[in-house]
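Letter by letter, the chains look like this.
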Amino acid sequence: IVMSHVNATEHAFWNRWLRGIPRIGSHLEGLADTLLTALHPLRRASILASVVALTAVIWACGTFSFLMVMKAFHLDVGFPAAAIVVGATTLGMIVPSSPGYVGVFHAIAVKTLTDVFGIPKENALTYAFAQHAVIYFVPAALGASFLLSHRSMWHEFAASIGLRSRRQPAAAPVLERVASSEAGK
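Residues numbered from 1 in each chain as written. Predicted model: local features only at pLDDT ≥ 70, side-chain atom pairs only at ≥ 80, totals over all residues. Heavy atoms only, no water.

**Student:** Describe in detail the packing of helix α5 (residues 79-92) against helix α6 (residues 104-117), supporting the description with residues and values.
**Tutor:** Two numbers describe how α5 lies on α6: the axes approach to 9 Å, and their chain directions differ by 140 degrees. With respect to α6, the axis of α5 lies oblique. Regarding α5 and α6, the two cross each other, and that crossing is right-handed. In contact with Ala 81, Ile 84, Val 85, Ala 88, Thr 89 and Gly 92 of α5, α6 contributes Val 104, Phe 105, Ile 108, Ala 109, Thr 112, Leu 113 and Phe 117. Along the lines of polarity and charge, the residues of the contact of α5 with α6 split into ten nonpolar, three polar and no charged. (Axes fitted to C-alpha atoms, helices over the stretch in contact; angles between N-to-C directions. Helix = DSSP H or I, 4+ residues; strand = E, 2+ residues; numbered from the N terminus. Parallel < 35°, antiparallel > 145°, perpendicular 65-115°, else oblique. Left-handed = near helix turned anticlockwise from the far one by under 90°. Contact = heavy atoms within 4.5 Å. Nonpolar A, V, L, I, M, F, W, Y, C, P; charged D, E, K, R; others polar.)

Laid out in structure tokens, this is it:
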């Protein structure tokens, strides 16, 4: 955001530095220009305010989810603790690791809860497994429910991209046989 306000012209001060990098300088310059173009809408105060507000709501909802699981396990550490665990686990999962961050999420949550808030390790580990399950299984269940309730839409989509033929209603073959038998009379 700051970069989009510092110099939004084609002659940004870092272009000279990027051009000096052998073999990839022009590519990096193009990436920097793309970044500036993408940030340009945030120069409007109303758009920036709505992005910041929605970001705060999303983080608050995530923190509230963590807090509710903490309450379910009788970890009475409060909203700030939930926010710190959300922040620590999110930052810790930036580094690529195992699929689904199995182990990494748990280690970070346990370490944060035990070292910062004095929660016994067994309680923290139980919480970490439950929280991780909530993070994965609630969206998966909602997604499965959506897919099952909109099966016909997915069949049409698959047919439109050539993954499978369009399904005809079950009555269609019967009607075709009746029509062909009457045409033969």
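**Student:** An account of the pattern of salt bridges is needed here, citing residue identities and associated values.
**Tutor:** With the rule as written, the count across this model stands at one salt bridge. In this structure, Lys 111 engages Asp 115 in a salt bridge whose closest nitrogen and oxygen atoms are separated by 2.9 Å. In this pair, Lys 111 and Asp 115 are both assigned in helix α6, four residues apart and thus about one turn of the helix distant. Using a relative accessible area of 51% as the deciding quantity, one classes Lys 111 as exposed. (Salt bridge = Lys/Arg side-chain N within 4 Å of Asp/Glu carboxyl O. Buried < 20%, exposed > 50% of the residue type's maximum accessible area, 1.4 Å probe, protein only.)

**Student:** Go over the layout of surface pockets, please, and point to the residues and values.
**Tutor:** Estimated volume of the largest pocket: approximately 220 Å³. Lining the largest pocket are 16 residues, and of these Phe 66, Val 86, Thr 90, Met 93 and Ile 135 lie nearest its centre. Elements that contribute at least two residues to the lining of the largest pocket include exactly α4 (45-72), α5 and α7 (121-149). Broken down by class, the residue content of the lining of the largest pocket amounts to nine nonpolar, seven polar and no charged. (1 Å grid on protein atoms, 1.4 Å probe; cavity = no way out; pocket = protein on both sides within 12 Å on 5 of 7 lines; lining within 4 Å. Points joined across faces, edges and corners; volume = space filled by probe spheres on them.)

**Student:** Could you give me a rundown of the side chain of Thr 112, with the residues and numbers involved?
**Tutor:** Inspection of the secondary structure assignment puts Thr 112 in helix α6. In this structure the side chain of Thr 112 is engaged in a polar contact, spanning 2.8 Å, whose partner is the backbone oxygen of Ile 108. Dropping the residues within four chain positions of it, Thr 112 is found in contact with Ile 84, Val 85, Ala 88 and Phe 117. (Polar contact = N/O pair within 3.5 Å; in protein donor to acceptor, adjacent residues only side chain to side chain.)

**Student:** Run through the packing of α7 against helix α8 (residues 151-160), naming residues and quoting values.
**Tutor:** Two elements in contact, α7 and α8, have axes separated by 5 Å at closest approach and are oriented at 75 degrees. Relative to α8, the element α7 is oriented roughly perpendicular. Only Arg 151, Met 153 and Trp 154 of α8 make contact with α7, whose side of the interface consists of Phe 146, Leu 147, Leu 148 and Ser 149. Residue classes in the contact of α7 with α8 are distributed as five nonpolar, one polar and one charged.

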